[in-house]
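Each chain, letter by letter, is given below.
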Amino acid sequence: MAITAIKPQKENEQARKPLARADTQFNIVARRFRRHRLAMVSLLVLGVILVASILAKQISPFERDYLNVESAAKFLPPLSRSPETGAMHWLGTNQIGQDLFTRLVYAARISLTTAMLATTLSTLVGTILGTLAGYFRGILDSVIQRVIDFFSNLPQLPILLILTAVLVTDPRLIPIPTFVIKFLQAIMLFDQEREARVVAALILILTLLGWTGVARLMRGQVLQVRERDFVEGARALGANSLAIITRHIVPNAFPPVIVAFTLGLAASLTAETGLSFLGVGIQNPVPTWGICWPLPRAICSSGRICH
Amino acid sequence: MSSTNGRARDAKSDLMLEIKGLKTQFYTEDGVIKAVDGVDLYVKRGETLGIVGESGCGKSVTSLSVMRLVSAPGKITEGKIIFDGTDLLKIPEKEMTKIRGNRISMIFQQPTTCLNPVFKIGDQISEVLNIHQSLGKEAGQKRAIELLRMVGIPSPEKRAQAYPHEISGGQAQRVMIAMALACAPELLIADEPTTALDVTIQAQILDLMRGLKEKTGTAIMLITHDLGVVAEMADRVVVMYAGQIVEEADVRTLFAHPLHPYTKGLLGSIPVLGVVRDRLDVIPGFVPNLLNPPPGCRFEPRCEICVGAARERCQVENPPLREVEPGHWARTWLYD
Amino acid sequence: MVNFLIRRFVAMIVMFLVITFVAYNVLSLAPGGPLQELMQQQQNSANRLDPFALERVMQRYEFDIDLIPRYTRWLVGQPDGPLNLFGQEMFGATQVGCLRKGETIFKYPDGRVVVSDCEVPVYLNDLKGRAVSKGILALDFGTSQGVLRGRPVSEVLNSRIGLTLLLQGISSLLALAIAVPLGIYTAVKQYSKLDYATTTVAFLGSSLPSLFWGLMGLLVFAVLFKQWGLPYFPAGTFVSNTPQTVPLIGVIEPESFADRAWHLILPILILTFVSLSGWIRYIRASVLEVLKQDYVRTARAKGLTERAVILKHAVRNALIPFITLVVTILPGLVAGAIITETIFSLPGVGNLLVAAIYGSDYNVAMAVLLLSVVLTLIAYVLADILYTVADPRIRLR
């Protein structure tokens, strides 16, 4: 290849131009997302719910526990006025004259926060135990694996039902530090400490039964990542286990856990609303998405699903 | 289009496959990718045609187009694929299934993933015989063992009962070859058949293919990015770049006397035994984005040879594929 | 394989013992149980209850016996009195519990002085003649303490399990029969109209829980349809008391076959819809993944028709991971419809479990839990076995 011309600088720049224009990761993701109609709709709905729950106190026309058992105030249809105060019941009232809109908005706040905290905790526990099992292997791994096997072989809903029935009805059975209770009271706008205790107990139970999925995922990830060259490199440079785990392993093993977190959020929400609906989780007068349903008279008079 | 006729004229009678003006495009979210953009080529009976190029140049898509196996979002938009006198793009799918695996077979790059993990090897081979020759279970099994023996698999009776995960990559490629040759096809398309294999196994597989070709007279369309493989196997070579053919010649001519700057670059990037060089030449830059290829010569942005006034022409006008020397075609303005 | 099964069986037994022990004791921690109720009554009511009533209740629930012997009595019906060896009664004076707490000083004739925190201890001898089950290992679940007090738990279960099996059996089969073909079809015809429609519906079905769909179904098909004069479904319970007139359909006689069907259709449809949605999404994704595999391309290159490529080469590989989901039908047969049964007030096992928890009926609650634990364990072993049958790459060791 004797013919070697002077490198035409200009042309080379031109050649790279289409590549330079190439999208950043963020742009690609953003564009794909915008084009995904379902995702956009979901985002919008989620946004509305989030804003409403943050502004629960401000936008609700009634007190959270307001009720009016006079028959003129019960089962009102949407957009009717309160016979007592004249304020608007946007979504009507339920069997004990509570304002459904107020309940719905507070319920959003309580249910979402509960799910969020339960999922965050279980992801945290799962990540830590999964990482330890995957990184250190040996006996620790075997023990953690057995525990994971144990929990994942449980029939989830019956166990949840029994645990919550026992522990939530008497929250004193689990000692919970006062600052946690204060925190929950503040974030969920609870007046009473007892309400916060019930939620705290429920969060702990959901965590206890929810961490195994993340732990298993994380363990698998860590087992892969720890064999990669950069981990070997870090080890060769004399980094200790803690540094390797926090700097190299966890960041590289973590992405699938984020997906698991979002799925876990849905699972926690479903579990909490289900339990509350069955009457063993969070209970009236605290509203959650399990017990704020606008059930008409026809249903309330027959079954016992009206709370 | 006239160029194809010219190139093929002398060989018209014994043409096995002729591709005319083939265009295959992929309709992605980001736009239309012209993966194959007007390819003309032919394969004579019993001949081995090598198709060379970097990954992404359209050589695999060309071969899948011949099989009509380009899957969504890809689509063949233009051109003719004439196989033994019939245009494959005009016949119904049902007719096409009678040709696939029977008269045209194909082997692929990753032999281990190309075999279905849940079926026994013998059954996967006899399936071809069952489709095309209506061979029953027992007869198919017997023939499958013969084929396994033919491709040099030790104790074929036992191996026929094995599952794909129980054999090595080299053996898997032998199985693929046995499967491809089961119905004695007239054309075998081999898409990077040795790329995923160890070097020693590569040589064995190439030997096997050459031996079988001599025995059966099957024409081979060999797709590879490995010029060594081409030199060893091919009679004639087509060089592809960015969805188009840039050079075509018989194998000796091409290696001795490449015309296109891209081919020159490719040949410069391989080490030659006995020649001491400071460093191997590298073609600068990247394969152009086929979403909107350069308006002129596709190789122009990376070209280090073309200079001066000629270069300006390169930037605006894509050169046609022309017969620069007898039997030696190139897509370049260099020899004007 | 045999080795594997033996190991799994041993693991199952260990799991079973641990779960039941924990659950049994957690349940007995339950506050608001029969004792508290009774104590509250005692405090509130003017006519004070018999002071021994509390102790009788304690004895009925065996709260006077320590954790471990209480559990073993439930598990195997032992100890039911002093140990009997060669006609000789032994260990009769071993303390196994305490009926009434309180500091007591015992002075023995031999001069020993023992301070105990138990006023009325329970000894092995006292267990003689007490009613005890044969133990759940002999499939005797004991007697119901709340829902149907005094009746054997197995009788209570028998009266409920048929309905749940019917609900879950029909809805699971229906969901399978629809999800598998539709999941495959939507993957093969990706981006077709049917695919878009199915994907959207399945997205909604799987992103909202059965609670939502159950209540929505109830509101729309039972309440609103009735108001609008359309053919409606009943708002719960299993049978009608009086003949019901349904628009466009006619009169449904109580307790007829039509009546039962009429009551079950809506809950079955809702259960079907919820599992269907998840399964379709799973199968579709799985088939799409398999269709990208090299061996599918090989199958096409062999000259197989597209139909044969999909049905023979793609589907089998795509359905292998689906095994994990399918086996969960098994434990679901017992306690998989708790929410739906509650919404429609159907007297099934799920409803029974909720009632048992409310009514402190520990034997019933434990029996339901036990059944679902055993079925869950069996389901996972079954999944492992099915995997080896379906996928030659997996060997059980």
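Just so it is clear, the model here is predicted, and its values are computed rather than measured.

**Q** Can you lay out the overall build of chain B for me, pointing to particular residues and giving the numbers?
**A** A count of helical and extended segments in chain B gives 13 helices and 12 strands. For 336 residues, the compact-globule estimate of 2.2 N^0.38 gives 20 Å, and chain B sits close to it at 21 Å. In terms of overall dimensions, chain B has a C-alpha envelope of 70 × 50 × 45 Å along the principal axes. Burial statistics for chain B: of 336 residues in total, 55% are counted as buried. Accessible surface for chain B amounts to roughly 14100 Å². Of this, 53% is attributable to carbon and sulfur atoms. Of the side-chain charges in chain B, 39 are positive and 41 negative, and the distance between the mean point of each set is 4 Å.

**Q** For the interface of chain A and chain C, give the residues involved together with the corresponding values.
**A** With 38 residues of chain A in contact, the opposing surface of chain C contributes 36 residues. Taking both sides of the interface into account, the surface hidden between chain A and chain C amounts to around 3100 Å²; carbon and sulfur atoms contribute 84%. Among the residues chain A hides against chain C, the three largest losses belong to N153, I162 and W293 of chain A. Together they make up 20% of the total. On the surface where chain A and chain C come into contact, there are zero salt bridges. Taken together, the links from chain A to chain C amount to one residue pair in polar contact (both at pLDDT 80 or more). Counting residues per element, the ones that place at least two in the side of chain A that touches chain C are α3 (37-54), α6 (138-152), α7 (156-169), α12 (255-278) and α13 (297-300) of chain A. With nine residues, α7 of chain A is the single largest residue contributor to the side of chain A that touches chain C. Here the residues of the side of chain A that touches chain C are counted per class, giving 24 nonpolar, 11 polar and three charged.

**Q** Describe in detail the domain arrangement of chain A, supporting the description with residues and values.
**A** Residue and element names in this part refer to chain A. Each assigned domain of chain A is listed with its residue range as follows: domain 1 (30-59) and domain 2 (104-302). Computed from C-alpha atoms alone, the centre-to-centre distance between domain 1 and domain 2 is 24 Å. Each side of the interface is counted separately: domain 1 has eight residues, and domain 2 has seven residues. In total, about 580 Å² of surface goes out of reach between domain 1 and domain 2, with carbon and sulfur atoms giving 76% of it.

**Q** For the nonpolar core, give the residues involved together with the corresponding values.
**A** Residues L161 and F277 of chain A together with W74, L157, L215, I343 and V368 of chain C are the most contacted members of the largest nonpolar core, which totals 120 residues. Ranked by size, the runner-up nonpolar core spans 76 residues in total, among them L22, M67, I99 and M106 of chain B.

**Q** Report on the pattern of salt bridges, specifying residues and quantitative values.
**A** All names here are of chain B. Taken as a whole and judged by the stated rule, the model has 34 salt bridges over all chains. A salt bridge links E93 to R68, with the nearest nitrogen and oxygen atoms 3.4 Å apart. Taken together, the residues E93 in helix α3 (residues 93-99) and R68 in the loop between α2 (59-67) and β4 (74-83) connect sequence positions 25 residues apart.

**Q** How would you summarise the layout of surface pockets if you had to cite specific residues and measurements?
**A** Considered as a void within the structure, the second largest pocket measures approximately 1800 Å³ in volume. A72 and P73 of chain B together with Q190, Y191 and L288 of chain C are, among the 41 residues lining the second largest pocket, the residues nearest its centre. Ranked by residues supplied to the lining of the second largest pocket, first place goes to helix α6 (residues 193-207) of chain C with five residues. Here the lining of the second largest pocket is built from residues that sort into 17 nonpolar, eight polar and 16 charged.

**Q** Go over the interface of chain C and chain B, please, and point to the residues and values.
**A** Contacts between the two partners involve 18 residues from chain C, matched on the other side by 25 residues from chain B. Interface area, chain C with chain B, both sides summed: about 2000 Å², of which 62% is carbon and sulfur. Taken as a group, R297, K302 and P392 of chain C account for 30% of the area that chain C buries against chain B, more than any other trio of residues on that side. Inspection of the chain C/chain B interface yields two salt bridges. Here K312 of chain C ties to E127 of chain B by a salt bridge, and the two come within 3.0 Å at their closest N and O atoms. At the boundary of chain C with chain B, the tally comes to 11 residue pairs in polar contact (both at pLDDT 80 or more). Secondary-structure elements contributing two or more residues to the side of chain C that touches chain B are α9 (294-301) and α10 (306-319) of chain C. Counting residues per element, the side of chain C that touches chain B draws most heavily on α9 of chain C, which supplies six residues.

Parameters at a glance
Residues numbered from 1 in each chain as written. Chains lettered and ligands numbered in written order. Predicted model: local features only at pLDDT ≥ 70, side-chain atom pairs only at ≥ 80, totals over all residues. Heavy atoms only, no water. Helix = DSSP H or I, 4+ residues; strand = E, 2+ residues; numbered from the N terminus. Rg over C-alpha atoms; globule rule 2.2 N^0.38 Å. Buried < 20%, exposed > 50% of the residue type's maximum accessible area, 1.4 Å probe, protein only. Areas by Shrake-Rupley, 256 points an atom, 1.4 Å probe, with all protein chains shown as cover. Lys, Arg positive; Asp, Glu negative; His and termini not counted. Charge placed at Lys NZ, Arg CZ, Asp CG, Glu CD. Contact = heavy atoms within 4.5 Å. Buried area = accessible area lost by both parts, 1.4 Å probe. Salt bridge = Lys/Arg side-chain N within 4 Å of Asp/Glu carboxyl O. Polar contact = N/O pair within 3.5 Å; in protein donor to acceptor, adjacent residues only side chain to side chain. Nonpolar A, V, L, I, M, F, W, Y, C, P; charged D, E, K, R; others polar. Domains from an automatic or database assignment. Core = buried A, V, L, I, M, F, W, Y, C linked by side-chain atoms within 4.5 Å. 1 Å grid on protein atoms, 1.4 Å probe; cavity = no way out; pocket = protein on both sides within 12 Å on 5 of 7 lines; lining within 4 Å. Points joined across faces, edges and corners; volume = space filled by probe spheres on them.

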